[in-house]
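Spelled out, the chains give:
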Amino acid sequence: MAKAAASNAITRAMKLVKDQGATMIDFKFMDFPGQWQHFSVPTVHLKESSFEEGFGFDGSSIRGWKAINESDMLLVPDAQTAFVDHFIEEKTVSFICDVYDPITKEKYERCPRNIAQKAEAFLKSTGIADTCYFGAEAEFFIFDDIRFDTTEHSSYYHVDSIEGRWNSGREEMPNLGYKPRYKEGYFPVPPTDHLQDLRNEMTKNLLAVGLLVEAQHHEVATAGQSEIDLRFQPLLKGADEMLLFKYIIKNTAKMRGRTVTFMPKPLFGDNGSGMHVHQSLWKAGKPLFYGNGYANLSEMALHYIGGLLKHAPALCAITNPTTNSYKRLVPGFEAPVNLAYSQRNRSASVRIPMYSPSPKAKRLEFRCPDPACNPYLAFSALLLAGLDGVLNKIDPGEPLDKDIYDMEPEELKNVPSTPGSLEEALHALERDHDFLLRGDVFTEDVIEAWISYKMDKEVKPMALRPHPYEFGLYYDV
């Protein structure tokens, strides 16, 4: 059955290449931190055997991967992921690929897509469920100009946007106003929403490659914060689609002379960009999170929440993987820093949406993650944390239905919170990662490599550099 499906997918992919008259094939794959990489070959080199034999490449220069003395690797395209790449001038069909060791012919341990595949296989092996659906809402900013640099004796960044509130007094020949106020960018109509047409074009381009878009809108922050929501998908497909989503959003903006960032907190004093992740377990086509408990949740769903809350500090090292992530995870900006669950309450880290009474719509939303994460790793880690809760029947405690921002400090101090920095989160992951090792989904090598990479390439370099604000605080000491 699986072989027949794979064969059919290869036939369809080869037909797409021929029907489109493609002259180039582009192979996209994921590096360790979470960025798509690629290389291209002329179409003549793509044969049916390519989907087994793959294409050799040097893996030693990919971030977090092989050393120079073991650099040869294989890239094997997944025929089911073929799409026409409209952002390359030459007619091109792109594939998302898996990475293999050319000697053992095994999937590479640090390939994030391999980790997601192992997570799905582990879920099925437990007998608890056969599918975990993920629906991720990746917010982003659309800017008109971005400049930044750091040297031995200087450091700066400068962000600009035609709809930035700070430009309400700028000479624009003429300045027509309509700049969204700080924290008041949610759902204004044009002309205050300057970006409706651009988001529509993004949506059209997403639909053209088969992604199912549910809605698009302006987000809370000024200066072009936006959201385009995709329909939920099984774990691997959802992660594939998130990478394709980011690729299309960025390139559509670039074609129109604008720039997109999924950086969690690019603006001081306004809301940052999150990636709320909706999750639900299903078996044999039936939803497993609907029941008679709190917010119409099943016992399984409550235990899943218990796993997420228990492991949340460690999860943050993967779902909020940048130093900038913790500029967003602070109180006062609707950021879900409080490790609690609630129906409807957006100040809790786990929310149970109540839009629909349908059992099929019953899900939970983990609100901590941000769009800087590697979705293969993030979705896999969330699933494993939730399954740990189910397997060990972890009690999530009492729900928190109060407005957290109106709670007294004495009451709030009993509510645990997310780590205050990437370094804190990495230390939490160091202490608590056994749940990630189930089914060999993550390995000790992967966990150690992740912590080492983040500490050496991000945490320590940031700690070594003076911050511009420090000059204002301390220059006259």
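Every chain is numbered on its own, with residues counted from 1 as its sequence reads. Local features in a predicted model are, by the rule used here, given only for residues with pLDDT of at least 70; side-chain atom pairs are given and counted only at 80 or more, and totals for whole chains, interfaces and linings are based on all residues. Side-chain measures were taken over the full set of non-hydrogen atoms in the model, leaving aside hydrogen atoms and water.

Draft legend 1. Representation of the side chain of D193 in the model. Every helix listed is a DSSP run of H or I at least four residues long, and every strand listed is a run of E at least two residues long, numbered separately from the N terminus. Mapping D193 onto the fold places it in the loop between β9 (155–160) and α4 (196–208). We define a polar contact as two N or O atoms separated by no more than 3.5 Å, with the added condition that, inside protein, one atom must be a possible hydrogen donor and the other a possible acceptor, whereas residues neighbouring each other in sequence contribute only through side-chain atom pairs. Of the polar contacts made by the side chain of D193, one reaches the side chain of R199; its length is 2.6 Å. Whether two residues are in contact is decided by their heavy atoms: any pair within 4.5 Å suffices. Each residue touching D193, except ones within four places of it in the same chain, is listed here: E163, P188, R199 and H218.

Draft legend 2. Just empty space enclosed by the protein, in detail. Here a cavity is any set of points on a 1 Å grid over the protein atoms alone where a 1.4 Å probe fits but cannot get out, and a pocket is any open set with protein on both sides within 12 Å along at least 5 of 7 lines; a residue lines the site when it has an atom within 4 Å of a point. Grid points are joined across faces, edges and corners, and a volume is the space filled by probe spheres set on the points. Tallied over the full model, the rule gives one cavity of 30 Å³ or more. Lining the largest cavity are F134, G135, A136, L230, R231, F232, Q233, G238, E241, M242 and F379. For the lining of the largest cavity, the class distribution of residues is six nonpolar, three polar and two charged. Any residue that is not Ala, Val, Leu, Ile, Met, Phe, Trp, Tyr, Cys, Pro, Asp, Glu, Lys or Arg is counted as polar, Gly included; the first ten are nonpolar and the last four charged.

Draft legend 3. The pairing of strand β14 (residues 275–283), seen in detail. For every residue, the accessible area obtained with a 1.4 Å probe (protein chains only) is divided by the maximum for its type, and the residue is called buried under 20%, exposed over 50%, and partly exposed between those limits. Counting buried positions along β14 yields eight of nine residues, so the element is predominantly enclosed. Two elements, strand β7 (residues 131–143) and β14, share eight bridges in a ladder whose sense is antiparallel. For C132, the partnering residue across the bridge sits in β14 and is L281. At least two DSSP bridges between two strands are needed for those strands to be called paired. The sheet contact formed by β14 and strand β18 (residues 364–366) spans three bridges and is antiparallel. Bridge assignment links H278 to a residue of β18, and that residue is E365.

Draft legend 4. Molecular detail of the packing of helix α5 (residues 235–255) against helix α8 (residues 375–391). Two elements in contact, α5 and α8, have axes separated by 9 Å at closest approach and are oriented at 150 degrees. As summarised for this structure, α5 and α8 are arranged roughly antiparallel, according to the angle between their axes. The handedness of the crossing between α5 and α8 comes out as right-handed. Contacts between α5 and α8 pair L235, L236, G238, A239, D240, M242 and L243 from the former with P375, Y376, F379, S380 and L383 from the latter. Angles shown run from 0 to 180 degrees and are taken between the N-to-C directions of axes, each axis being a line fitted to C-alpha atoms and, for helices, limited to the stretch in contact. Comment on the angle field: the value is read as roughly parallel under 35 degrees, roughly antiparallel over 145, roughly perpendicular from 65 to 115, and oblique elsewhere. Should the near helix be turned anticlockwise from the far one by less than a right angle, the crossing is left-handed, and should it be turned clockwise, the crossing is right-handed.

Draft legend 5. Broad picture of the pattern of salt bridges. A carboxyl oxygen of Asp or Glu within 4 Å of a side-chain nitrogen of Lys or Arg is what we treat as a salt bridge. Tallied over the entire structure, the rule returns 23 salt bridges. Salt-bridge contacts for D26 lead to K28; the nearest nitrogen and oxygen are separated by 2.6 Å. Grouping residues by exposure puts D26 and K28 together as buried. Between E365 and R351 there is a salt bridge whose closest N-O contact spans 2.5 Å. Within this pair, whereas E365 is found in strand β18, its partner R351 is found in strand β17 (residues 348–352), the two being separated by 14 residues in sequence. Residues joined in a network through salt bridges with shared partners are D78, D98, R113 and D240.

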